[in-house]
Amino acid sequence: MSKQPKLTRFNQSVLSKYQIYNAIFMTLPFDAVTKTGVLLPLFHETCQKGFSDGNDPTTIVNTFFEKYQARRTPESQINLLFRFIQYIERQVVLFDAIEDAAFPIVNNMDGIGTLRSLKETVTAENKLELLQKYLEEFKVRIVLTAHPTQFYPGSVLGIITDLTEAIKENDLLRINDLLAQLGKTPFFKHEKPTPYDEAVSLIWYLENVFYKSFGDIFDYIQQNIFDGKEIDNDIINIGFWPGGDRDGNPFVTPEITLKVAERLRETIIKNYYRDIRSLKRKLTFRGVEDSMAMLERELYTLRIGNPSELTLEGFKAELNAIKDLIISRDNSLYVPEINSLLNKIHLFGFHFSTLDIRQDSRAHEKVFTNLVQTLLDSGNTIFPKNYFDLSQPEKVEVLTNVHGKIDLSMITDEDTLKTLKTIEAIKTIQQTNGEKACNRYIISNNQSTLHVMELFAMLKLVSFQEDMSVDIGPLFETITDLENSHAIMEELYTNPAYSAHLKSRGNKQTIMLGFSDGTKDGGYLMANWAIFKAKERLTEISRKYDVTAIFFDGRGGPPARGGGKTHNFYASLGPTIESKEVQLTIQGQTISSNFGTLDSSQYNLEQLISSGVYNKMSTTDLRMTPDNRDVMSNLAELSYKAYADFKAHPKFIPYLENMSTLKYYAMTNIGSRPSKRGKSEGLVFEDLRAIPFVGSWAQLKQNVPGFFGVGTALKYYEDANEFDKVQHLFKTSSFFKTLIENSMMSLSKSFFDLTKYMSEDPEYGAFWNIIHDEYVTTKRLILKLTGYQELMQEEPSGKASINIRESIVLPLLTIQQFALKKIHELEKASPRDEEQIKIYQKIVTRSLFGNINASRNSA
């Protein structure tokens, strides 16, 4: 029986169910919910009609109260707006749960991009051996980051999980109870989470989702692609940043890092303990029971934190002995279950995921300067007395040959001591959880060879005098740094000490590229093209020195931060870019929306694996032709100039500060780290974090970072009567096609009627019009380029999902803009009513939650 079209499946399994269950939610027997449920549809209708009539948010809110709630006092009106916000937050949760429950119905779990489809394709083409050969060295690593953009507290995440299961089973009684629970459960975090809290939140996904989905994928590959043979390569693994990422977060201490590593170890052992207990009930055979009882006992001992003689190797050896005995004597009964557990041990060890350490090069510079000065003042001879007078190459030469050990008791500066103790923590974690538990240090904002060699020296002088079992990964972020990155890497590859270190690490070099800050710095097209070209140059220079470049992409949720249809990028790279590993950050909403359930996790992981494999095995030459490269380069340059001019506009920073929700991100208690890097009082663009920057444009429904400059670049070719060149690029380059499709997603989530009133603002009207004009131009020319009648025409179910989510939050956005306008008026009034200002500021802050959760990839 053939499947119905994807949009039909979406409408039946998502839209229809949402309408039914939302109706149930509206009739819950709670006074606040009942009244709100009756009034919210009227307010929603008022918003829709108001914007279609060209009204502004203030007029819309006032019209609603005059028409339907004329007797309410101003205080009562405010209370109702808060209740609307709370209700909409829960509508978003309901929609999330319904969409999660319908995931395997809406998406074809055996379709294009899945492992089953991949296997069938290569088998038909007689390439199974080639696929096996490639999978013996190919890896995918998703790295969960400490950048939360999801506002759900743990209690709400639990409700979503339970609600999803109840919806799958059509258990109406349980659904009713969970909706009632949802109505009573608070969403607001009164205190900022600690870095450890953030780690615990994400470890939930490791324990409850990734442990099984990673295991199932590896089992499938072993059984169906390798015909049951053991695979040395782990193929898929997890990286982890919470507790290790101290870039701009002073609350991440060495103690937190050790505590997170301990929690990761405890969690994986807890999962093994559960599986052993389950297996023990099945393996009741003579000669096996005692071994299973011993494993259960020792794992329990480890789980509660007591010492045990059970090592990782001993655990595997004992299970293999049990398996061999059962194969030889007991008809291989339950051997697949034993193999599945052995595969999980192969994937996760005693560490579960690899904890990365990250710090900004500017922080390192200060630390290193203090360290050298302290040593010189004490008479220590590790560094020459004239070190600070040396040129950069001379300093690199000193660091190349540095040796000795630092006595940390000499260090008095707090930041320096934290950094050096973090290096000690890396060594400790490796000793307790295994080397894979913590063996990579990322230097963000890396701008020179010296930045890498400073860290290289600190690692050697603190804890790794002999064997340095730590990989150093420079992160290149700005357009300038991306352009210079290959020269820096060549200097490192030709440095004798660093080259020897690389050789000891298998001649593999992690290089991280920052899509978020790249876009913030250079705009959408230029950032993606600059990273593409940087990868080509880095691949060429790495291959020249027999080094395998491992590209680690720092991607966020939305297209503006390297998100969107990520797997399409990896399928489009071609032979000029090293692709033996796919590594990328997954953060905030993207974790829960793309990997938050067993179905979505498995599906999206398989898409990543298949895209990397397809890129490697494709017989199609994916390289851009010289003519296409010229067009792509010119488009990037044109868009960069448009974006740079826009960024240099005198109203750019004031507009963000005064007309957006930027300053309210810091008030949300969403994450542990500050919303900007520097300590300056005013807003300095360079210090601004990518998440609040991109998120603020999303709250305005303007999504500037995802499209600005694209329209200007395309218009150049239209005006020159050369638009056919861009159309040819779109038809023949998968890379450019993916860029345009992702930009369409940003445009689809824009709604300029919301802020149209700003066009008449005496201070910011002209600036708003610049943004709007670029939006109109970009939308028109992307439709012309693609031949579509509407945005996202080829993704009707994705567009339908966006439309429903945008419809749910329309009243929320209206309330947010109404409150922002009130704040502007109250701040200009004399005397200022501080109490009223605080109330409306709270409305703005609370309205952020539901909108971000609804967007699923807004920041």
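What you see is a predicted model, and the numbers here were worked out from it, not measured in a lab. (Residues numbered from 1 in each chain as written. Predicted model: local features only at pLDDT ≥ 70, side-chain atom pairs only at ≥ 80, totals over all residues. Heavy atoms only, no water.)

**Describing the packing of helix 4 (residues 74-101) against helix 8 (residues 154-168)**
Inference 1: Across the interface, helix 4 lies against helix 8 with an axial gap of 8 Å and an inter-helix angle of 50°. For the element pair helix 4 / helix 8, the angle class is oblique. Considering only the axes of helix 4 and helix 8, their crossing is right-handed. From helix 4, V93, L94, A97, I98, D100 and A101 reach across to helix 8, where they touch V156, I160, L163, T164, I167 and K168.
Inference 2: Here the contact of helix 4 with helix 8 is composed, by residue class, of nine nonpolar, one polar and two charged. (Axes fitted to C-alpha atoms, helices over the stretch in contact; angles between N-to-C directions. Helix = DSSP H or I, 4+ residues; strand = E, 2+ residues; numbered from the N terminus. Parallel < 35°, antiparallel > 145°, perpendicular 65-115°, else oblique. Left-handed = near helix turned anticlockwise from the far one by under 90°. Contact = heavy atoms within 4.5 Å. Nonpolar A, V, L, I, M, F, W, Y, C, P; charged D, E, K, R; others polar.)

**Concerning the environment of V631**
Inference 1: As for its position among the elements, V631 is in helix 26 (residues 626-647).
Inference 2: Between the alpha carbons of V631 and V726 there is a distance of 6.9 Å; along the sequence they are 95 residues apart.

**Considering the packing of helix 26 against helix 29 (residues 710-719)**
Inference 1: Following both chains from N to C, one finds helix 26 and helix 29 inclined at 130°, their axes separated by 8 Å at the closest point. In terms of orientation, helix 26 lies oblique with respect to helix 29. Here the hand of the crossing between helix 26 and helix 29 comes out right-handed. In this structure, helix 26 contributes D630, V631, N634, L635, L638, S639 and A642 to the contact, and helix 29 contributes V710, T712, A713, L714, Y716 and Y717.

**Some thoughts on the nonpolar core**
Inference 1: Ranked by size, the top nonpolar core spans 263 residues in total, and within it I142, F383 and W697 carry the most contacts.
Inference 2: Top element by residues in this core is helix 4. It accounts for 15 residues.
Inference 3: Among all residues touching W697, those that are not within four sequence positions of it are F646, F652, Y655, L656, Q702, N703, V704, P705, F767 and I771.
Inference 4: In terms of nonpolar packing, the next biggest core, distinct from the first, is built from six residues, I442, L475, M512 and F552 among them. (Core = buried A, V, L, I, M, F, W, Y, C linked by side-chain atoms within 4.5 Å. Buried < 20%, exposed > 50% of the residue type's maximum accessible area, 1.4 Å probe, protein only.)

**Concerning the pairing of strand 1 (residues 139-144)**
Inference 1: Among the six residues that make up strand 1, six are buried, leaving the element largely enclosed by the rest of the structure.
Inference 2: Taking every second residue as pointing to the same face, both faces of strand 1 are buried, with K139, R141 and V143 on one and V140, I142 and L144 on the other.
Inference 3: Sheet analysis places strand 1 next to strand 9 (residues 581-586), joined by six bridges and oriented parallel. Residue K139 lies in a different strand from strand 9, and its bridge partner there is E581.
Inference 4: Sheet analysis places strand 1 next to strand 2 (residues 236-240), joined by five bridges and oriented parallel. If you follow V140 over to strand 2, its bridge partner there is I236. (Pairing = 2+ DSSP bridges.)

**Quick look at unusual backbone geometry**
Inference 1: Geometrically, the link from S830 to P831 is a cis peptide bond, its omega value of 0° lying close to zero.
Inference 2: Residue Y334 is not a glycine yet carries a positive backbone phi of 65°.
Inference 3: Tracing the backbone shows Y334 in the loop between helix 13 (312-329) and helix 14 (335-348).
Inference 4: The backbone of N721 sits at a positive phi, close to 55°, despite the residue not being glycine.
Inference 5: Within the element layout of this structure, N721 appears in the loop between helix 29 and helix 30 (723-732).

**What to know about the sheet that holds strand 4 (residues 357-360)**
Inference 1: Pairing within the open sheet is parallel, and its nine strands lie in the order 3-2-1-9-8-7-6-5-4. Because the sheet does not close on itself, it has two edges, and the strands there are strand 3 (354-355) and strand 4.
Inference 2: Here strand 7 (residues 508-514) runs beside strand 8 (residues 548-554); their pairing, made up of seven bridges, is parallel. Its bridge partner lying in strand 8, K508 is registered against T548.
Inference 3: Across the sheet, helix 18 (residues 449-462) is in contact with strand 5 (440-444) and strand 6 (471-476); its angle to strand 6 comes to roughly 155°.

**Observations concerning the pattern of salt bridges**
Close approach of charged atoms allows side chains of opposite charge to pair.
Inference 1: Counting across every chain of the model gives 42 salt bridges.
Inference 2: Close ionic contact of R274 with E207 constitutes a salt bridge, the shortest N to O distance being 2.8 Å. Note that R274 is positioned in helix 11 (residues 254-282) and E207 in helix 10 (residues 195-225), a separation of 67 residues in sequence.
Inference 3: Its relative accessible area of 41% is what places R274 among the partly exposed residues.
Inference 4: One salt bridge connects D216 with K212, and the closest N-O pair in it is separated by 2.7 Å. Highlighted residues: D216 and K212, both in helix 10, separated by four residues, approximately one helical turn.
Inference 5: Relative accessible area serves as the criterion here: at 25%, D216 is assigned to the partly exposed category.
Inference 6: Taken together, the shared-partner salt bridges in this structure form one network comprising E89, R90 and R846. (Salt bridge = Lys/Arg side-chain N within 4 Å of Asp/Glu carboxyl O.)

**Brief notes about the pairing of strand 8**
Inference 1: Strand 8 sits mainly inside the fold: seven of its seven residues count as buried.
Inference 2: Covered by surrounding structure in strand 8 are T548, I550, F552 and G554 together with A549, F551 and D553, the residues of both alternating faces.
Inference 3: With two bridges connecting them, strand 8 and strand 9 associate as parallel partners. For D553, the partnering residue across the bridge sits in strand 9 and is L584.

**Structural notes on the side chain of S600**
Inference 1: Looking at the element boundaries, S600 is found in helix 25 (residues 598-617).
Inference 2: If we ignore the near neighbours within four places in the chain, the residues touching S600 are F103, S593, N594 and F595.

**Section: helix 12 (residues 289-303)**
Inference 1: An ideal rise of 1.5 Å per residue puts 21 Å on 15 residues; helix 12 measures up with 21 Å between its terminal C-alpha atoms.
Inference 2: All of the buried residues along helix 12 are S291, M292, L295, E296, E298, L299, T301 and L302.
Inference 3: Looking at the buried side of helix 12, the elements it contacts are helix 11 and helix 13.
Inference 4: Two residues or fewer past helix 12, G305 is found with a positive phi of approximately 90°. (Expected span 1.5 Å × (residues − 1).)

**A few points about the packing of aromatic side chains**
Inference 1: By the definition in use, this model includes 47 aromatic pairs.
Inference 2: A centroid spacing of 6.0 Å and a plane angle of 50° characterise the contact between Y493 and Y545, whose relative ring orientation is tilted. Placement of the pair is Y493 in helix 19 (residues 479-493) and Y545 in the loop between helix 22 (524-544) and strand 8, with a sequence separation of 52 residues.
Inference 3: Aromatic ring contacts, followed pair by pair, group F210, Y211, F214, Y272, F315, F348, F350, F352 and F595 into a single cluster.
Inference 4: For the cation-ring pair, K259 lies above Y196, with the distance from its terminal atom to the ring centre recorded as 4.1 Å.
Inference 5: Looking at K842, its charged tip hangs above the ring of F82, at a distance of 5.6 Å from the centre. (Phe/Tyr/Trp six-rings, centres within 6.5 Å; stacked < 30°, edge-to-face > 60°. Lys NZ or Arg CZ within 6 Å of the ring centre and 35° of its normal.)

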